[in-house]
Amino acid sequence: MALENSVFHSRPGSLSLPLDGERGREGEGPDPSDPKGESSVLLPATSTTTSTTSTPAAPIPRVLNPSQQELGHVVTTETDPSPVEAGVDVEAEDGPPLAKVKRSFQSKLAERELNANTQQPKKIRVVEKERGRFGWGRKRRKRQRYVEKNGRCNVSHGNMRETYRYLTDIFTTLVDLNWRCSLFVFVMAYAVTWLFFGAIWYLIAYVRGDLDHLEDEQWTPCVNNVNGFISAFLFSIETETTIGYGHRVITDQCPVGTILLLLQAILGSMVNAFMVGCMFVKISQPNKRAETLVFSKHAVISLRDDKMCLMFRVGDLRSSHIVGANMRAKLIKSKQTQEGEFLPLDQTDISVGFETGDDRLFLVSPLVISHEIDPPSAFWDMSQGQLEKEDFEIVVILEGMVEATGMTCQARSSYLAEEVLWGHRFSPMMSLAEGFFDIDYGAFHHTFEVDTPSCSARELSLAAARREAHLYWSISSRLDEEPTLANQAAAKQPDSSSANGKGGTVPTFVLGSITGIQEQSGLGELNGSVAIDQSESEA
């Protein structure tokens, strides 16, 4: 059967199966009409003789193109690289050997594409990323903190049109400025007043003509030894700072100078009081006192007295105590009301012992603040799996009065949802030493895992209620199964009545079973008692 003249449809390279155990037959080449060498046509061998001066290139493995529906059997083809493409010397049939052909970049690129098409493509596993609105890859957005770990509130006030309100309370405004601005205002306040009054002193000397009579000993100036602006400026500094070197003095022949001296003395005292007061208040602010009030890096949720509790640790690094320390906690979480109103950063109170007084602390050693997760709590329906998906922030606030200065101090911190560890407990850090209690602050932030159910506090409470109900009903069922004394006595009443009719009355003694459980019913306490029934005749 002649296959040379048969034409078959070619299959793509993805369906070709390589045969590693076979090599290409000598004398078979690619079809000139098929540049990719994928045609399922068996070509006859050519009589071309090749001689290689170097190691020949490895032949491409045979390709199996199954087409049983069209051919009924398997037809194979081989594609060997041509001598020119292989870079070898070719000897013509009737001529001298040809020189080595140098291929261009385009031919090499075409050969690579040909080899890539004939080989089976590899399947590359592409991991699909989460796509955004426009199909761009995006990562999970980290929640923006409302309060930083150091207590700074991450809120910026913008578009404020009534800025004059800051000037009405200029003292608080100056105190709230940072140190760089405060020092700049402090220096400029004194420099401006000195320059202002120095210019006025120089103007008085210039108007009176004191600068024109510097060498005249008969002339009485307003201020002695003021011969220019620099000397007038120095006299202004001596007057306002009450230095008084004694070289430049005011005379009694200048009433304008006397009035100006009084004004500068009064205004200088006011500037001194205002600026020194601002700097003193700014220095004595208890903000830095909060740096020694530390909170744990993580909050934990675990069982305490068979109840789920949210806990965090707080401590004071100084030996001077915080008087009247009070602890508060807030849950910051956005929510939507039943009417559809969206409340961003809604604040909810977290009870840390306000009803029992546990929120008032005696902060001598580090304490673990506990929030019991009860039905009014915001974490009542939150399980471990739901905690990993939630997006909230817990803000803790410690307030108290500094013992050394008597000023109120406030320390703040916050915990995000990923900073709340489920099933952990804080490590103990206090030990008893010789004569005192030793506190190891190296274990302040350390936690360890404990056995904690992963369900919510509601589910845990329902499970406990079911156990109690099961215990109650099991006791009741046991009491119902035991025959009561009244039923036994009622069963023997007919026998006793018949015996009384024949031979007189016979006393009946009914003994009840003695048990440790008292049945509360309308029949009374029958267990553990003895009932005696005697007839009147025997009495």
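Preceding block: the structure.
Right, let's walk through the structure included here.

**Section: the pairing of strand E8 (residues 342-349)**
Moving on, step 1. Bridging between strand E7 (residues 322-336) and E8 involves 6 bridges; their strand directions are antiparallel. Its bridge partner lying in E8, Lys335 is registered against Leu343.
Moving on, step 2. Turn length for the E7-E8 hairpin, with the two strands adjacent in sequence and antiparallel, is 5 residues, and the turn residue Gly340 shows positive phi of about 95 degrees.

**Comments concerning the packing of aromatic side chains**
Moving on, step 1. Applying the stated criterion across every chain yields a total of 9 aromatic pairs.
Moving on, step 2. Geometrically, the ring pair formed by Phe171 and Phe274 is edge-to-face, given 6.0 Å between the ring centres and 75 degrees between the ring planes. One end of the pair, Phe171, is in helix H4 (residues 170-176); the other, Phe274, is in helix H7 (residues 255-283), and 103 residues separate them in sequence.
Moving on, step 3. What makes Phe171 partly exposed here is its relative accessible area of 31%.
Moving on, step 4. Between Phe186 and Tyr190 the ring centres are 5.2 Å apart and the planes differ by 65 degrees, which places this aromatic pair in the edge-to-face class. A residue pair is termed a helical-turn pair when its members lie 3 or 4 positions apart in one helix, as Phe186 and Tyr190 do in helix H5 (residues 179-208) at 4 residues.
Moving on, step 5. An aromatic cluster is built from Phe186, Tyr190 and Trp194, whose rings are joined through pairwise contacts.
Moving on, step 6. Sitting above the plane of the Trp179 ring, Lys282 keeps its charged end 5.3 Å from the centroid.

**Some thoughts on the state of the cysteines**
Moving on, step 1. What the rule picks out here adds up to 1 disulfide.
Moving on, step 2. Between the sulfur of Cys222 and that of Cys254 lies a disulfide, 2.2 Å long from S to S. The disulfide joining Cys222 to Cys254 has a torsion of about -75 degrees about its S-S bond and is therefore left-handed. Pair noted here: Cys222 is in the loop between H5 and helix H6 (229-240) and Cys254 is in the loop between H6 and H7, with a separation of 32 residues, a long-range link. For the pair formed by Cys222 and Cys254, the shared burial category is buried.

**Regarding the pattern of salt bridges**
Side-chain pairing between opposite charges can occur once the charged atoms of the two side chains come close.
Moving on, step 1. Under the criterion given, the structure shown has 13 salt bridges.
Moving on, step 2. Two residues, Asp381 and Arg458, come together in a salt bridge whose shortest N-O distance is 2.4 Å. In this pair, Asp381 sits in the loop between strand E10 (367-372) and helix H8 (384-389) while Arg458 sits in helix H9 (residues 457-481), placing the two residues 77 residues apart along the sequence.
Moving on, step 3. A relative accessible area of 44% means that Asp381 is categorised as partly exposed.

**Examining unusual backbone geometry**
Moving on, step 1. Even without being glycine, Asn225 reaches a positive phi, approximately 65 degrees.
Moving on, step 2. On the secondary structure map, Asn225 appears in the loop between H5 and H6.

**Thoughts on H5**
An α-helical turn contains 3.6 residues, so a residue and the one three or four places further along point in the same direction.
Moving on, step 1. With 30 residues, H5 should reach 44 Å at 1.5 Å per residue; the first-to-last C-alpha distance of 44 Å fits that figure.
Moving on, step 2. Contact partners of the buried residues in H5: H4, H6 and H7.
Moving on, step 3. Where H5 ends, the next residue or the one after it, Gly209, has phi of about 85 degrees, a positive value.

**With respect to the packing of H6 against H7**
Moving on, step 1. Across the interface, H6 lies against H7 with an axial gap of 9 Å and an inter-helix angle of 60 degrees. In this view, H6 runs oblique relative to H7, as classed from their interaxial angle. Once H6 is placed against H7, the crossing between them reads as right-handed. Contact residues: Ser236, Thr239 and Glu240 in H6; Leu261, Gln264, Gly268 and Asn272 in H7.
Moving on, step 2. Split into classes, the residues belonging to the contact of H6 with H7 amount to 1 nonpolar, 5 polar and 1 charged.

**Some thoughts on the nonpolar core**
Moving on, step 1. Ranked by size, the top nonpolar core spans 36 residues in total, and within it Met327, Phe379, Ile394 and Leu398 carry the most contacts.
Moving on, step 2. With 5 residues, E7 is the largest single contributor of residues to this core.
Moving on, step 3. Apart from residues no more than four positions distant in its own chain, Leu398 is found in contact with Leu293, Phe295, Val314, Ala325, Asn326, Met327, Leu361, Leu363, Cys409, Gln410 and Ala411.
Moving on, step 4. Judged by nonpolar contacts, the second largest core, of 10 residues, contains Ile204, Cys222, Ala232 and Leu260.

**A few points about the side chain of Ser365**
Moving on, step 1. Turning to its location among the elements, Ser365 is positioned in the loop between strand E9 (360-361) and E10.
Moving on, step 2. Taking relative accessible area as the criterion, Ser365 reaches 17% and is therefore assigned buried.
Moving on, step 3. Those residues within four positions of Ser365 in sequence are excluded, and the remaining contacts are Met430 and Ile439.

**Quick word on the environment of Thr241**
Moving on, step 1. Structurally, Thr241 can be placed in the loop between H6 and H7.
Moving on, step 2. Its relative accessible area of 31% is what places Thr241 among the partly exposed residues.
Moving on, step 3. With 24 residues separating them along the chain, Thr241 and Ala265 place their C-alpha atoms 8.5 Å apart.
Moving on, step 4. Of note is the side chain of Thr241, whose polar atom sits 2.4 Å from the backbone oxygen of Ile237.

**A few points about H7**
Moving on, step 1. If you check H7, its first and last C-alpha atoms are 42 Å apart, about what 29 residues at 1.5 Å a residue would give, namely 42 Å.
Moving on, step 2. Along H7, the residues that are buried comprise Gly257, Leu260, Gln264, Gly268, Val271, Met275, Cys278, Met279 and Lys282.

Conventions adopted
Residues numbered from 1 in each chain as written. Predicted model: local features only at pLDDT ≥ 70, side-chain atom pairs only at ≥ 80, totals over all residues. Heavy atoms only, no water. Pairing = 2+ DSSP bridges. Helix = DSSP H or I, 4+ residues; strand = E, 2+ residues; numbered from the N terminus. Phe/Tyr/Trp six-rings, centres within 6.5 Å; stacked < 30°, edge-to-face > 60°. Buried < 20%, exposed > 50% of the residue type's maximum accessible area, 1.4 Å probe, protein only. Lys NZ or Arg CZ within 6 Å of the ring centre and 35° of its normal. Disulfide = S-S within 2.5 Å. Salt bridge = Lys/Arg side-chain N within 4 Å of Asp/Glu carboxyl O. Expected span 1.5 Å × (residues − 1). Contact = heavy atoms within 4.5 Å. Axes fitted to C-alpha atoms, helices over the stretch in contact; angles between N-to-C directions. Parallel < 35°, antiparallel > 145°, perpendicular 65-115°, else oblique. Left-handed = near helix turned anticlockwise from the far one by under 90°. Nonpolar A, V, L, I, M, F, W, Y, C, P; charged D, E, K, R; others polar. Core = buried A, V, L, I, M, F, W, Y, C linked by side-chain atoms within 4.5 Å. Polar contact = N/O pair within 3.5 Å; in protein donor to acceptor, adjacent residues only side chain to side chain.

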